Amino acid sequence: MKLVVNDRELAIDADPAMPLLWALRDIIGLTGTKFGCGVAQCGACTVHLDGEAIRSCITPISEAEGKKVTTIEAATDGSDRVGAAVHAAWVKHDVAQCGYCQSGQIMSAIALLKSLPAGQQPSADKIDEAMAGNICRCGTYVRIRAAVADAARTIA
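Residues numbered from 1 in each chain as written. Predicted model: local features only at pLDDT ≥ 70, side-chain atom pairs only at ≥ 80, totals over all residues. Heavy atoms only, no water.

1. Things to note about the side chain of Thr 59
If you trace the backbone, Thr 59 turns up in the loop between strand 4 (52–55) and helix 2 (61–64). Only 2.7 Å separates the side chain of Thr 59 from the backbone oxygen of Arg 55, close enough to count as a polar contact. In this structure, Thr 59 is in contact with Met 18, Pro 19, Leu 20 and Ile 54, ignoring residues within four places of it in sequence. (Helix = DSSP H or I, 4+ residues; strand = E, 2+ residues; numbered from the N terminus. Polar contact = N/O pair within 3.5 Å; in protein donor to acceptor, adjacent residues only side chain to side chain. Contact = heavy atoms within 4.5 Å.)

Below, the structure is given as structure tokens:
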């Protein structure tokens, strides 16, 4: 099976039912995407599939074949304007505490900002809605909302 991960085409020899999360972490070696709950409830495993935020812990690799998978490694490497703005806002607002959920949080924030019409600023309710499936055990939700809003202003 062939996957396109972070703009690299890779041949994967695995069961097509294997969750994308395990292919990313255990086969490809991209460990920025985290395992949290395994049932798509916490958001730690969030990646983009053709630009949409999805939970990789329940997405079989067969569903990713022929689509573009983007992980936290590529989203925040500085080559993506929105990813760079979100990453900078995360640092500026000191969002992370333990940091475990942050890759999923950032991937959801990037997907939100990329889904908005150019220059549109998301309301606090829109931010909360987009981030709702991402659980932060440390409770940094106020800083997360501030960082997303700040990143939106930066890219406007």
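2. Focus: helix 7 (residues 141–155)
Counted at 1.5 Å a residue, the expected span for helix 7 with its 15 residues is 21 Å, and the 21 Å between its end C-alpha atoms agrees. Along helix 7, the residues classified as buried are Ile 144, Ala 147, Val 148, Ala 149, Asp 150, Ala 151, Ala 152 and Ile 155. Buried-residue contacts for helix 7 involve helix 4 (81–92), helix 5 (102–115) and helix 6 (124–131). (Expected span 1.5 Å × (residues − 1). Buried < 20%, exposed > 50% of the residue type's maximum accessible area, 1.4 Å probe, protein only.)

3. So, the sheet that holds strand 3 (residues 46–49)
Taken in spatial order, the 5 strands line up as 2-1-5-3-4 in an open sheet, and their pairing is mixed. Strand pairing shows two members of the sheet lacking a second neighbour, strand 2 (8–11) and strand 4, which therefore form its edges. Taken over all neighbouring pairs, the strand axes of this sheet differ in orientation by 40 degrees on average, direction set aside. As paired strands, strand 3 and strand 5 (residues 68–70) are joined by 2 bridges and run antiparallel to one another. If you follow His 48 over to strand 5, its bridge partner there is Thr 70. Of the strands in this sheet, strand 1 (2–5), strand 2, strand 3, strand 4 and strand 5 touch helix 1 (residues 20–28), which is tilted by about 85 degrees from strand 1. In this fold helix 5 packs onto strand 3, strand 4 and strand 5, with an angle of close to 35 degrees to the strand it touches most, strand 3. (Pairing = 2+ DSSP bridges. Axes fitted to C-alpha atoms, helices over the stretch in contact; angles between N-to-C directions.)

Fair warning: the whole summary comes from geometry, so function is off the table for now.
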